[in-house]
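The residues making up each chain are set out below.
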Amino acid sequence: IDEFEQKNPRIESDGDGGCYITWEDARTGNYPIKDVYVQHVLADGTCAWEENGKAVTLVNADTSAPLLKTVGNKVFIAWADKRNGSVGIYSQAYDFNGNTVFNGVGEEFGKIVYWGLSGNAINYRTINSGDNLFVLWSDSRYANLGFQIKVQKIDENGNIYFEKNGQSITKHTGANQSASEKERI
């Protein structure tokens, strides 16, 4: 394994002939700790943001599996993040010029979607709907109940709409609830 590897790239249209790309990156040399980076590629192939990409995360914990979606005139990135011990989900958004959207205290490296509590988030997905990002995942915060499906809604300004750490989609059944292999992206 290359200690400076870059992997798991994702791509999304910028709506103007270019694209946004995000990936995991171990360039800081703290392998196996990886960070998430993003780049805006214009229609003419020019990289519009920092050379070699803009750091989305620079935390002393493993961050991985970034996903991205455009919402309005912004790009949202969501990723798995172990900074609190368990695997949580964080998000950050950037405008067309690469300026961060979530600028609250402690949000320079992401807004908490799911803290990780005492259970890992798995199988998370994102969709855009109007000027909102929806994040869907399963987590095991209630170990005796197995994995449960949760969702969170974030608007283009970073406001969280559902209950903190996600709204339950179903009542707790005592059995695992997760996406089937066929539905995974």
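Residues numbered from 1 in each chain as written. Predicted model: local features only at pLDDT ≥ 70, side-chain atom pairs only at ≥ 80, totals over all residues. Heavy atoms only, no water.

## Thoughts on the packing of aromatic side chains
So the rule is basically this: Only centres within 6.5 Å qualify two rings of Phe, Tyr or Trp (six-membered ring in Trp) as a pair; their planes then separate them into stacked at under 30 degrees, edge-to-face at over 60, and tilted for everything else. Labels follow the DSSP assignment, with helices taken as runs of H or I lasting at least four residues and strands as runs of E lasting at least two, numbered in each case from the N terminus. Exposure is judged per residue with a 1.4 Å probe applied to protein chains only, and the accessible area is read against the type maximum: over 50% gives exposed, under 20% gives buried, and values in between give partly exposed. A ring is scored as having a charge over it whenever the NZ atom of a lysine or the CZ atom of an arginine sits within 6 Å of its centre and within 35 degrees of its normal.
Inspection of every chain in the model, using the stated rule, returns seven aromatic pairs. Summarising the aromatic geometry, the rings of F76 and F102 are spaced 5.7 Å apart at their centres and angled 65 degrees between planes, so their arrangement reads as edge-to-face. Of this pair, F76 sits in strand β6 (residues 74-84) while F102 sits in the loop between β7 (86-95) and β8 (111-114), and the two are 26 residues apart along the sequence. Assigned by exposure class, F76 and F102 land together as buried. Among the aromatic residues, those joined into a cluster by ring pairs are Y20, W49 and Y94. The lysine or arginine in question, R27, covers the ring of Y37, its NZ or CZ lying 3.8 Å from the ring centre. Just above the ring of F102 sits the side chain of K111; from NZ or CZ to the centre is 5.6 Å.

## Quick look at the confidence of the model for the protein chain
The line we're drawing: Per-residue confidence from the prediction method is given by pLDDT, with values spanning 0 to 100. Note on contacts: a residue pair is in contact if any heavy atoms of the two residues lie within 4.5 Å.
Overall, the prediction assigns the protein chain a mean pLDDT of 87, with 90% of residues at 70 or greater. Contacts for the low-pLDDT stretch residues 180-185, under 50 throughout, to residues beyond four places or in other chains number five contacts.

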